[in-house]
Amino acid sequence: MIPEKIPEQSPFKGTDIYNGLRGKSFNTGWRFYYGDPGNAEDPGFNDSPWQLLDLPHDYSIRLPFNKSSPAGPGGGYLDGGTGWYRKAFTLPEEYSDKRITIQFDGIYMNSEVWINGIYLGIRPYGYSSFEYHLTSYLNSGKIPNVIAVKVNNNQPNSRWYSGSGIYRNVWLTVTGPVHIAYCGMTITTPAVGTDSATVRIATIVENHSDADTPVRLFTEILDPDGNCVGTSASPEKKVNKNGQEMFIQEIAVRNPQLWSTGSPDVYTAQTSVRINANNVDKYKAGFGFRTIRFDADTGFYLNDVNMKLNGVCLHHDLGALGAAVNYRAIERQLVIMKEMGCNAIRTSHNPPAPMLLDLCDRLGFVVIDEAFDAWKESKVQNDYHLNFDIWAREDIKAMVRRDRNHPCIIMWSIGNEIHDVLSAEGVATARNLITWVKEEDATRFVTHGGNHNEKGTDAAALLDVVGYNYITHLYDIHHKKYPGWKMYASETSSAVRSRGIYKTPTDENILEDSDYQCSSYDNSIVDWGSKAIESYKMVNDRPWVAGEFIWTGFDYIGEPTPYEWPSKNSYFGIVDTAGFPKDIYYFYKSRWTKKPVVHLLPHWNWEKGQTIEVHVYSNCESIELFLNNKSLGQKRFTGADLFLCWNVPYEPGILKAVARQNGNIITANERKTAGPPAKLRMIPDRSSLFADNNDLVFIEVTILDKDDVIVPYADTPVFFSLSGPGRIAGVDNGNSINHEPYKGSRISAFNGKCLLIIQATSEAGQIIITADADGLSKAGISVQSINPKSGCFRALL
């Protein structure tokens, strides 16, 4: 093992500003072994045969789908098991008197960590962020240090695909002995107005030196453009040796830019720790000025503006990338949701990666940050119930401490569909969890996603805001019986659908499993769920229901309800795992946005003599349908209509929906009959990427006929090759029953489309990508890998 030399690091370079981490990314140059070789914690262990890789890393996503996997259908038939990571590094001599810690944003799961053979501890929960102090055990100079991490994903332990390994970022932080604590800055805004606002900053300073030390803090507030808009210098305060002190500062800001979903303006608090005239530590954290409240009769208010929560639930996997976090991949998912009109995210059912919250702050989503899927009663054999008694207090507090400065967060969820709430002991547990949350943050609301009936009301009564998972019949009953309750639909619909699959009759619930595919007519519904349109009406006809969180925004690996093998990922998503919207996406877009929308379904390749039920989603006043330029009639949306329908005798050609507003044509959408597959088309989501080993380009590959019409039934295998400073990060097609590896260089199209993901290396240059398929014309594109600008912070671009 060749040790990495850790250089001097600027306090703010390459940091996660929301946690105030002052260290450098510690993601590169790790060795990995799948299995348990024994004694791998020993610094002298020979790991040279192990795989060399960079983090974040998910070792399950690289495995073949296994019908007998202990993960079962819930885990997507992908094995977990044990994995080991090791990294060697050296430290400069001048670091011998520094305070050095390592931060893990998340390891799934049961992680154990050693430094130079010394055991640092265990963290069972795979979604918690945590740190270890390394100082006492480190060598400086030329003597290498070895950190070893053992991971044990002892399946079954999750109802969805979890991934395995060090799947989030790792940071190494170097400070002096007197410094601000990990997650040690809490920012609140006790007074917010359009003319002025007050920022309250509570900062914990630790002293690991052998002497009591007088300390002052200097803090400045930076507006979204980086301008200083307020400062504070604290009085000097003594911090005892091996102790800590909290400093409170209040700063007035004139004419603040309020954070909202439409104008997500993020400010920064930047603090220096001063001993005498010397700056010994720096720390910064993002925050926003905004007010939030719920009303029992009228719902949610952001900055005193009533708004419906148009939300989705999101699991944490990223399709072909698995659970390994990636800024660009998360950004792509959120942008797709934003363009649909989504304004709210529920992090189902665990604390998310920090970068997801960074992006929600900057893109403008409000967030429910959720802690657990289980308390003391189990849902899966090896789930969190095994660790709840020992770890729940620390894990939920860690979530709140890490995330409490994010303006996007409006609620903390203590759990999802928790069985325990039906017992007196469970009600006591809920009370404890609420107390622990409020001890860390009293400025936000506490909730729970509940799916129980009247038996769960004792626990619900403890909540600030009551979440309802599917039990829509209680919206009216509980509003009348508990008029003071603030309510929202924490999980709705659970309609299932496969992109590009249409099954009739549309007035019947079709879940037949002959092809293991569901219908995109919004007529495939699980027994606890409802059609997308029905759940929308249930929420939007009731002002006291603050909004809904649809299950789910994206398909996710695992939980392939209503089927099992060969299905390996869910059907619930509005968008498939490849990031391709299903038809229902445009229903929500037509309800949640003001931009003119018209969307026509299904495709237009059928058999002569068939009568096809045609649906149109739109937010325009009227739609006129044409087949081969012949009008099939104009229909208007009435107050009760959420889509329009025609029964059309099929003939090949062009089906077109023309949308009008005030009699004027606003927009149109058409479907053309496709001929046989003839060629490939590649469309990248952007033309360049950063040469930073982490940036991605997502390339949509479409199978077309000779006239450039998408072939809606095409399932041709597509083969990819590339040259230049890039690599294939993954392939996908959104097909729940496809078992081709996510990490291969080929993928079959599903209903005319597939996806290629390209990752940059550390070098700049042109990346040339070619797609090939038997009998079709090749396609080729190029993207440019460019050097990041000096000092740029990726998450701020």
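Structure: above.
Residues numbered from 1 in each chain as written. Predicted model: local features only at pLDDT ≥ 70, side-chain atom pairs only at ≥ 80, totals over all residues. Heavy atoms only, no water.

Novice: Tell me about the side chain of His316, and name the residues and values.
Specialist: With respect to the helices, strands and loops of the structure, His316 is situated in the loop between strand E23 (309-314) and helix H1 (327-340). Polar contacts involving the side chain of His316 include one to the main-chain carbonyl oxygen of Ser162, which spans 2.9 Å. Not counting chain neighbours up to four residues away, the residues in contact with His316 comprise Tyr127, Trp160, Tyr161, Ser162, Tyr167 and Ala323. (Helix = DSSP H or I, 4+ residues; strand = E, 2+ residues; numbered from the N terminus. Polar contact = N/O pair within 3.5 Å; in protein donor to acceptor, adjacent residues only side chain to side chain. Contact = heavy atoms within 4.5 Å.)

Novice: Outline the pairing of strand E14 (residues 213-222), listing residues and values.
Specialist: The pairing of E14 with strand E16 (residues 237-239) spans three bridges and is classified as antiparallel. When the sheet's bridge partners are listed, Val215 is paired in E16 with Lys237. Bridging between E14 and strand E18 (residues 267-275) involves seven bridges; their strand directions are antiparallel. What sits directly across from Phe218, in E18, is Ser272. Looking at chain direction, E14 and strand E15 (residues 228-233) are connected through five bridges and run antiparallel. Its bridge partner being in E15, Glu220 is matched across the sheet by Thr231. (Pairing = 2+ DSSP bridges.)

Novice: Give a description of the packing of helix H7 (residues 532-540) against helix H8 (residues 584-592) that names residues and reports values.
Specialist: With their axes 11 Å apart at the nearest point, H7 and H8 run at an angle of 25° to one another. On the basis of their axis angle, the class for H7 and H8 is roughly parallel. In the crossing of H7 with H8, the sense of the turn from one axis to the other is right-handed. Each of Ala532, Ile533, Ser535 and Tyr536 in H7 lies in contact with H8, whose residues at this interface are Ile584, Phe587, Tyr588, Arg591 and Trp592. Here the contact of H7 with H8 is built from residues that sort into seven nonpolar, one polar and one charged. (Axes fitted to C-alpha atoms, helices over the stretch in contact; angles between N-to-C directions. Parallel < 35°, antiparallel > 145°, perpendicular 65-115°, else oblique. Left-handed = near helix turned anticlockwise from the far one by under 90°. Nonpolar A, V, L, I, M, F, W, Y, C, P; charged D, E, K, R; others polar.)

Novice: Summarise the pattern of salt bridges; cite the residues concerned and give the values.
Specialist: Within the structure shown, the criterion is met by 36 salt bridges. Note that Arg159 and Asp373 form a salt bridge whose closest N and O atoms lie 2.8 Å from each other. Of this pair, Arg159 sits in the loop between strand E10 (145-153) and strand E11 (170-175) while Asp373 sits in the loop between strand E25 (366-370) and helix H3 (388-403), and the two are 214 residues apart along the sequence. A relative accessible area of 10% places Asp373 in the buried class. On the basis of relative accessibility, which here comes to 23%, the residue Arg159 falls in the partly exposed class. Connected through salt bridges with shared partners, the residues Arg123, Glu394, Asp395, Lys397, Arg401, Arg404, Glu439 and Glu440 form a single ionic network. (Salt bridge = Lys/Arg side-chain N within 4 Å of Asp/Glu carboxyl O. Buried < 20%, exposed > 50% of the residue type's maximum accessible area, 1.4 Å probe, protein only.)

Novice: Describe the sheet that holds strand E12 (residues 178-192), with residues and values.
Specialist: Spatial strand order, E12-E13-E17: three strands in an open sheet with antiparallel pairing. Two strands close off the open sheet at either side, each with one partner strand: E12 and strand E17 (243-254). Between one strand and the next, the sheet's axes are offset by a mean angle of 20°, whatever the strand orientation.

Novice: Give a detailed account of the environment of Asp464, specifying residues and quantitative values.
Specialist: As for its placement among the helices and strands, Asp464 is situated in the loop between helix H5 (457-460) and strand E28 (466-469). Spatially, the C-alpha atom of Asp464 lies 19 Å from that of Thr188, the residues being 276 residues apart in sequence. With sequence-adjacent residues up to four places away left out, Asp464 is seen in contact with Lys438, Arg444, Phe445, Val446 and Lys486. Among the polar contacts listed, one links the side chain of Asp464 to the side chain of Lys438, at a separation of 2.7 Å. For Asp464, the side chain forms a polar contact with the main-chain nitrogen of Val446, separated by 2.8 Å.

Novice: A description of the packing of H3 against helix H4 (residues 424-440) should follow, citing residues and the corresponding values.
Specialist: Look at H3 against H4: their axes get within 8 Å of each other, and the N-to-C directions meet at 35°. As H3 packs across H4, the resulting crossing turns out to be right-handed. Of the residues in H4, those in contact with Phe388, Ala392, Arg393, Ile396, Lys397, Val400 and Arg401 of H3 are Thr429, Leu433, Trp436, Val437, Glu439 and Glu440. Here the residues of the contact of H3 with H4 are counted per class, giving seven nonpolar, one polar and five charged.

Novice: Can you lay out helix H2 (residues 354-363) for me, pointing to particular residues and giving the numbers?
Specialist: Taken across its 10 residues, H2 has eight buried, putting it largely inside the fold. Tucked into the core, H2 has its buried residues touching H1, strand E24 (344-347), E25, H3 and strand E26 (409-416). Phi turns positive, to about 90°, at Gly364, one or two residues after H2.

Novice: Run through the side chain of Ser530, naming residues and quoting values.
Specialist: Following the sequence through the fold, Ser530 ends up in the loop between strand E29 (487-493) and H7. Once you skip the residues sitting within four places of it in the chain, Ser530 turns out to touch Ser493, Ala495, Ile525 and Ser535.

Novice: So, the packing of aromatic side chains: which residues are in play, and what are the values?
Specialist: If you walk through the whole model with that rule in mind, you get 41 aromatic pairs. Ring geometry for Tyr267 and Phe289: centres 4.8 Å apart, planes at 80°, overall edge-to-face. Taken as a pair, Tyr267 in strand E18 and Phe289 in the loop between strand E19 (278-287) and strand E20 (292-295) lie far apart in primary sequence, 22 residues in all. Grouping residues by exposure puts Tyr267 and Phe289 together as buried. The residue whose ring lies beneath Lys87 is Phe26, and the NZ or CZ to ring-centre distance is 3.8 Å. (Phe/Tyr/Trp six-rings, centres within 6.5 Å; stacked < 30°, edge-to-face > 60°. Lys NZ or Arg CZ within 6 Å of the ring centre and 35° of its normal.)

Novice: Describe unusual backbone geometry, with residues and values.
Specialist: A cis amide bond links Tyr108 to the next residue, Met109, at an omega of -5°. With respect to the helices and strands, the residue Met109 is situated in the loop between strand E6 (99-104) and strand E7 (111-115). Of note, the amide linkage connecting Thr561 to Pro562 takes the cis form, showing an omega dihedral of 15°. Among the secondary structure elements, Pro562 is positioned in the loop between strand E30 (545-551) and H8. One non-glycine residue with positive phi stands out, namely Asp304, at about 65°. Mapping Asp304 onto the fold places it in the loop between strand E21 (299-302) and strand E22 (305-307). In this structure, Tyr470 is a non-glycine residue whose phi angle is positive, near 75°. Its location among the elements puts Tyr470 in the loop between E28 and helix H6 (474-481).

Novice: So, the nonpolar core: which residues are in play, and what are the values?
Specialist: Core analysis: the largest hydrophobic core is formed by 131 residues, its most contacted members being Phe372 and Ile414. Looking at this core, the element that brings in the most residues is H1, giving seven residues. Setting aside chain neighbours within four positions, we find Phe372 in contact with Tyr125, His349, Tyr384, Phe388, Ala392, Asp395, Ile396, Ile414, Gly415, Asn416, Ile418 and Leu433. Residues Val697, Val731, Ile767 and Ile769 belong to the second largest nonpolar core, which totals 28 residues. (Core = buried A, V, L, I, M, F, W, Y, C linked by side-chain atoms within 4.5 Å.)

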